Amino acid sequence: MAACATGAVAPPAVKIDVHLRDGALASLADDVRDGLSRRPKELSPKYFYDERGSQLFEQITRLPEYYPTRAEQEILDRVGEHIVAETQPRELVELGPGSARKTHALLDPMLSRGGEVTYVPVDVSEAAVMGLAERLTGAYDGLRIHGVVGDFEQDLERLAHNGRRRLVAFLGGTLGNFDREQRRAFLTRTRGMLGPHDRLLVGTDLVKDRGRLEAAYNDSAGVTAEFNRNVLRVINTNLDGELEPERFDHVAFYDEDERRIEMRLRAREQHSARIGALEMDVRFDEGEEIRTEISCKFTRSQLAREYAAAGLELLAWHTDAARRFALSLAGPAGETA
Ligand code: SAH
Ligand code: TRP
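Residues numbered from 1 in each chain as written. Chains lettered and ligands numbered in written order. Predicted model: local features only at pLDDT ≥ 70, side-chain atom pairs only at ≥ 80, totals over all residues. Heavy atoms only, no water.

Chemist: For this particular structure, what's the right way to read the sheet that holds strand β9 (residues 248-255)?
Modeler: The strand order across the open sheet built from four strands is β3-β13-β10-β9, with neighbouring strands paired in mixed fashion. On the outer flanks of this sheet lie β3 (41-42) and β9, each paired with one strand and no other. Most of the contacts of helix α8 (residues 223-239) go to β9, to which it runs at about 115°, and overall it touches β9, β10 (260-267) and β13 (289-296). (Pairing = 2+ DSSP bridges. Helix = DSSP H or I, 4+ residues; strand = E, 2+ residues; numbered from the N terminus. Contact = heavy atoms within 4.5 Å. Axes fitted to C-alpha atoms, helices over the stretch in contact; angles between N-to-C directions.)

Chemist: Whenever I open this one, the site of ligand 2 confuses me. Can you help?
Modeler: Surrounding ligand 2, one finds 13 residues, the nearest of these being Tyr66, Asn177, Tyr217, Glu293 and Ser295. The contact in question runs from a nitrogen atom of ligand 2 to an N or O atom on the side chain of asparagine 177, over 2.9 Å. Between ligand 2 and the protein, one listed contact pairs an oxygen atom with a side-chain N or O atom of serine 295 at 2.6 Å. When ligand 2 sits alone it has 360 Å² of accessible area, and the protein chains cover 98% of it. The set of elements that each furnish at least two residues to the shell around ligand 2 consists of α8 and β13. Of the residues that constitute the shell around ligand 2, the class distribution is six nonpolar, six polar and one charged. (Near = heavy atom within 4 Å. Polar contact = N/O pair within 3.5 Å; in protein donor to acceptor, adjacent residues only side chain to side chain. Areas by Shrake-Rupley, 256 points an atom, 1.4 Å probe, with all protein chains shown as cover. Nonpolar A, V, L, I, M, F, W, Y, C, P; charged D, E, K, R; others polar.)

Chemist: Where do I start with helix α5 (residues 126-136) in this structure?
Modeler: Residues lying three or four places apart along an α-helix face the same way, a consequence of the helix completing one turn every 3.6 residues. Regarding α5, the residues found buried are Ala128, Val129, Leu132, Ala133 and Leu136. The buried residues of α5 occupy an angular sector of 125° when the element is viewed end-on, so they sit on one face. Buried residues along α5 sit in contact with β2 (14-18), α4 (104-112), β5 (117-123) and β6 (143-149). A positive backbone phi angle near 85° is found at glycine 138, which sits one or two residues after α5. (Buried < 20%, exposed > 50% of the residue type's maximum accessible area, 1.4 Å probe, protein only. Arc of directions from axis to C-beta.)

Chemist: In this structure, what is going on with the packing of helix α3 (residues 68-87) against α4? I would like to understand it.
Modeler: For any two helices packed against each other, the geometry is given by the interaxial angle and the distance between the axes. Between α3 and α4, whose axes approach to 8 Å, the crossing angle comes to 35°. When you trace α3 past α4, the crossing you get is right-handed. Residue-level inspection shows Leu76, Asp77, Gly80, Glu81 and Val84 of α3 in contact with α4, the latter providing Ala105, Leu106, Pro109 and Met110. Here the residues of the contact of α3 with α4 are counted per class, giving six nonpolar, one polar and two charged. (Left-handed = near helix turned anticlockwise from the far one by under 90°.)

Spelled out as structure tokens, the structure:
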């Protein structure tokens, strides 16, 4: 709610709204207390992304084993211009943009049409929103940036529609970090942000052989393991915790029935750790696991069904040449004829 504006032109070229400042710590405390009291223990993936976590994710996107970023970039480079020509958006809302390196494939064609374009990156990581705003400010004529530091599971209703055509982008396979129930809720709410001519563009990883999937989440350099352990450091920093990351192994495996990668942290030995701000001692048995993340893999028909259940219609489906990853375009059902 606190707003600050930088930039010398009027109207300001950059505006950043911070929705989380008061709420972030409170929800971390509640989520950690709740998650670490459960069996199995569980932590929400949105807490991976402090400044260090965002940097580690950026490193993940460059790993040889982690193909999704390169596959999605390949698709965006091929069809970004076409999608923009068909959709004619004047506003790009991006959910969880991270560093927004791939987003140029959409912003470039939007701006080359002339006129004013608004970019609305919504990310729980303040460092991510500030970083990309800094990088994009002045990079384009006619670009207004309205950054939102917020939670895309809670703050979407606050994004007022400016009446111009809107494209909502959700890239990087982040939809797959929700389970089926969360996806249904999320897609339904996102449907509510769309006028009849607005579109939703989603990047999803595809079902494939176990070997390639598991390698992508078990890189040989150990970056993914460090990223996974980072959630423990976030708890230590913000909740006066004494969790010891080096006492946990990174575990990631593909569950073929659920069609998803599961990420866990497994205690190497039995031990306890204090979380000061929660006045809580957490006990871990040897081999006990904390579930930290899922990453669901999709097929076209599955996604089409999930869109339909949320009042959306699958309009276009694009994959990379090796068919590892898909970009799908959806619109409000029944209004797109
Ligand atoms: N879209 C980028 C980054 C994907 S990583 C890419 O394709 O490479 C996921 C991003 O979503 C991170 O930047 C993280 O900070 C953000 N994120 C995770 N959970 C979030 C939530 N609940 N609300 C808003 N942003 C979230
Ligand atoms: N959206 C990314 C994915 O599902 C997030 C991710 C990549 C991730 N590597 C990770 C999450 C490792 C936790 C741990 O591919």
